[in-house]
Amino acid sequence: MQKTVQRPISLSPKPRGVHLVTDEILRQIPETADFSMGLLHLFLQHTSAALAINENADPDVRRDSTYFLDRLIPDGYAGFHHVLEGPDDMPAHLKSMLLGCQLTIPITNGEPALGVWQGIYLIEGRDHGGSRRMVATLQGEVRG
């Protein structure tokens, strides 16, 4: 039987950086376990944060990714005109544009079909971005 589930997800506030949020997301969509096969689509409802899939084991990957992104798009760049919300805002918008605000992940036997070393990342572009909202949509074949 085909089924669709859609629900809001709220991520706890995080400082600027790259954060592994796989478990935080999956705890909020327990219906994933009901799906034998399908897709999980995550849509982040913000323009100063992003989503990505990457290495979930070594925290140095997150640290190095943050280091690189902050140097690729530094705060306070003299050419930015959008500065009313602070020096970290325009760089955060650009990171969001480059990395994207949505992911689609296959579901197999009630689990996201991520690779052994893959996890879902929130890339927080602001120093104090606050809690982040997303919409999770599950669609596919349910068990039994």
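Above: the structure in question.
Cut-offs used in this document
Throughout this description, residue numbers start from 1 for each chain and increase along the sequence as written. Reporting of local features is limited, given that this is a predicted model, to residues whose pLDDT is at least 70; pairs of side-chain atoms are given and counted only at 80 or more, and all residues count toward the totals for whole chains, interfaces and linings. To obtain the side-chain values, all non-hydrogen atoms of the structure were included, while hydrogens and water were left out. One bridge is not enough; two strands pair if DSSP finds at least two bridges between them. Numbered from the N terminus, helices here are DSSP runs of H or I no shorter than four residues, and strands are runs of E no shorter than two. Any carboxyl oxygen of Asp or Glu that lies within 4 Å of a side-chain nitrogen of Lys or Arg is treated as forming a salt bridge with it. Here's how the labels work: a residue is buried when its accessible area is under 20% of the maximum for its type, exposed when over 50%, partly exposed in between, all with a 1.4 Å probe on protein chains only.

**Quick notes on the sheet that holds strand E8 (residues 132–142)**
Alright, step 1. If you walk across this open sheet you meet the five strands as E1-E8-E3-E5-E6, and the pairing is antiparallel. If you trace the sheet from one side to the other, it starts and ends with strand E1 (2–11) and strand E6 (111–112), each paired once.
Alright, step 2. Of the strand pairs in this sheet, strand E5 (residues 102–108) and E6 are connected by two bridges, and their pairing is antiparallel. Paired with Ile107 across the bridge in E6 is Pro112.

**A short note on the pattern of salt bridges**
Alright, step 1. For the structure on display, the rule yields ten salt bridges.
Alright, step 2. The partner of Glu31 in a salt bridge is Arg7, and the shortest N-O contact between them spans 2.3 Å. Separated by 24 residues along the polypeptide, Glu31 in the loop between helix H1 (22–27) and strand E3 (35–44) and Arg7 in strand E1 bring together distant segments of the chain.
Alright, step 3. Judged by relative accessible area, which is 28%, Arg7 ranks as partly exposed.

So, to be careful, I would describe these as geometric facts and stop short of saying anything about function.
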